[in-house]
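A structural walkthrough
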Amino acid sequence: MGQQDQPDERHRRPAGVGDDTVEALGKLSEALETVERARGHLYTLHQLVGHADLMLDDAVERFRAAGHDGIADRIATDLLGRNVIAGRWTFQIVEDFDDGYYALFRDLDRQARDELVAGRRHLYEAEMKERRRTRGRPGHEARPAGE
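What you see is a predicted model; the values in this text were computed from it and never measured. Sequence order as written defines residue numbering, which begins from 1 separately in each chain. It should be noted that, the model being predicted, local features are given only for residues of pLDDT at least 70 and side-chain atom pairs only at 80 or more, the latter also being counted only at that level, while totals for whole chains, interfaces and linings use all residues. Water and hydrogen atoms play no part in the side-chain values, which are based on all heavy atoms of the structure.

Observations regarding the side chain of aspartate 98
Comment: elements are numbered from the N terminus, with helices defined as DSSP H or I runs of at least four residues and strands as E runs of at least two. Relative to the helices and strands, aspartate 98 is located in helix 3 (residues 90-117). The contact criterion used throughout is that any non-hydrogen atoms of two residues lie within 4.5 Å. Residues within four places of aspartate 98 in sequence aside, it is in contact with Arg39, Tyr43 and Ala103.

Listed below in structure tokens is the structure:
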């Protein structure tokens, strides 16, 4: 089997690393990927709420133009620029998440990989690829040509 048909070194488990360790790191990585998706949704919330708040300017203006000053005043006073949770706009929620939970999660994932497998990422998936691909078939190469 040629070198090209083997995973690159960064996707091979170091000597002495057992299946249980690779599986545990794989589960940690999967959990981090789920948190990455949640983080994306948090940024979506941030952008959507911000956009909605800016749209309120137009709504207030239209209510005033239609002669509904009371409704326009309530929206402008009570809703426009309001905190989405106590004391916070969405940018503050995003910053707290990024600097707290998310930063710790990423750090612990990196520390575990550094301590156990010399920092290598996605070993569980790399080994799954090796089990599932058909050697010698186009589209089933271990890595891109030239690596």
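Back to the text.
A look at unusual backbone geometry
Its identity is not glycine, yet alanine 118 carries a phi of approximately 55 degrees, on the positive side. Buried, partly exposed and exposed residues are distinguished by accessible area as a fraction of the type maximum, computed with a 1.4 Å probe on protein chains only: under 20%, between the cut-offs, and over 50%, respectively. Residue alanine 118 is classed as exposed on the basis of its relative accessible area of 60%.

Notes on the layout of surface pockets
A cavity here means a set of points on a 1 Å grid, drawn over the protein atoms and nothing else, where a 1.4 Å probe fits but cannot get out; a pocket is an open set with protein on both sides within 12 Å along at least five of seven lines, and a residue lines either one if it has an atom within 4 Å of a point. Grid points are joined across faces, edges and corners, and a volume is the space filled by probe spheres set on the points. Within this model, the largest pocket holds a volume of roughly 290 Å³. Lining the largest pocket are 18 residues; nearest its centre among them are Ser29, Leu32, Asp109, Arg113 and Arg121. Elements that contribute at least two residues to the lining of the largest pocket include exactly helix 1 (19-65), helix 3 and helix 4 (123-132). In terms of residues, the lining of the largest pocket owes the most to one element, helix 1, which gives 7 residues.

Notes on the pattern of salt bridges
Salt bridge, as used here: a side-chain nitrogen of Lys or Arg that lies within 4 Å of a carboxyl oxygen of Asp or Glu. Applying the stated rule across the entire model yields 17 salt bridges. A salt bridge links arginine 120 to glutamate 9; the shortest N-O distance between them is 3.3 Å. Remark: glutamate 9 occurs in the segment before helix 1 and arginine 120 occurs in the loop between helix 3 and helix 4; sequence separation between them is 111 residues. Arginine 120 sits in the buried class, given a relative accessible area of 19%. In this structure glutamate 9 comes out as partly exposed when scored by relative accessible area, which is 46%. Between aspartate 19 and arginine 13 there is a salt bridge; the shortest N-O distance is 2.9 Å. Judged by relative accessible area, which is 49%, aspartate 19 ranks as partly exposed. Given a relative accessible area of 25%, arginine 13 falls into the partly exposed group.

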